[in-house]
Amino acid sequence: YISASAPGYLESIKDNVEVGLLVDFTLRKGARVQGTVVDEDTGKPVEGARVRGWYKTGNSIRDVNQVYRWQEMQITKADGSYVFEGAPVAMVKWMLYHKEYEDYSEDIQVQEGTTNEFKFAMKRGVTIEGIVKDKSKLFPPCPATNHEHP
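Residues numbered from 1 in each chain as written. Predicted model: local features only at pLDDT ≥ 70, side-chain atom pairs only at ≥ 80, totals over all residues. Heavy atoms only, no water.

With that out of the way, let us pick up a negative patch on the surface. Among the surface-exposed residues, Glu40, Asp41, Glu102 and Asp103 lie close enough to one another that they form a single negatively charged patch. Mapping Glu102 onto the fold places it in the loop between strand 7 (91–97) and strand 8 (104–109). (Patch = residues over 30% accessible without salt bridge, like charges linked within 9 Å, V, L, I, M, F, W, Y side chains within 5 Å. Areas by Shrake-Rupley, 256 points an atom, 1.4 Å probe, with all protein chains shown as cover. Salt bridge = Lys/Arg side-chain N within 4 Å of Asp/Glu carboxyl O. Lys, Arg positive; Asp, Glu negative; His and termini not counted. Charge placed at Lys NZ, Arg CZ, Asp CG, Glu CD. Helix = DSSP H or I, 4+ residues; strand = E, 2+ residues; numbered from the N terminus.)

Written out as structure tokens, the structure is:
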């Protein structure tokens, strides 16, 4: 892929660009998106949640100069707040991750000419503790690996 960006504009990412292909970028101004992430049960802010915005132009657009992809991630502060200075004025997929909560995603239309305020509520996940054992040997496999979301 190849990307282009400038202050105050959306980063534009173009996939499937071949060597020798001439590609034009038309950088677009984005709309401000801000909000908070809270615990669904307590209403308290969730610090450290990853809020990822993702958008891709539809398959009906065939002109390589009009096709682009956008993604950006912010991490919530102690008060649960996050800010995207520029998101596409389009239907954007918002994906939230936190190691203590269930993953969450929602498609929300970003409006032009206004500050978009989105409040997300995350449901606390379950903690599973125990020892993983190899069925045939009844010993823990080596090496043990802990997997977390990026």
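Our next topic: the environment of Lys119. Inspection of the secondary structure puts Lys119 in strand 9 (residues 116–122). As a C-alpha pair, Lys119 and Tyr82 span 37 residues in sequence and 9.9 Å in three-dimensional space. When neighbours within four sequence positions are excluded, Lys119 is seen to be in contact with Thr36 and Val38. (Contact = heavy atoms within 4.5 Å.)

Relative to the elements of secondary structure, Asn116 occurs in strand 9. You can call Asn116 buried: its relative accessible area is 4%. Separated by 2.9 Å, the side chain of Asn116 and the backbone nitrogen of Gln111 make a polar contact. Ignoring any residue separated from it by four or fewer positions in sequence, one finds Asn116 in contact with Ala31, Arg32, Val33, Gln34, Gln109, Val110 and Gln111. (Buried < 20%, exposed > 50% of the residue type's maximum accessible area, 1.4 Å probe, protein only. Polar contact = N/O pair within 3.5 Å; in protein donor to acceptor, adjacent residues only side chain to side chain.)

It is worth spelling out the sheet that holds strand 6 (residues 81–87) at this point. The mixed open sheet is built from three strands, whose spatial order is 6-3-9. The open sheet has two edge strands, strand 6 and strand 9, and neither has a second partner. Ignoring which end each strand starts from, the neighbouring axes of this sheet average 25° apart. Looking at chain direction, strand 3 (residues 31–39) and strand 9 are connected through seven bridges and run parallel. What sits directly across from Asp39, in strand 9, is Met122. (Pairing = 2+ DSSP bridges. Axes fitted to C-alpha atoms, helices over the stretch in contact; angles between N-to-C directions.)

Without other data, these values stay purely geometric and don't point to any function.
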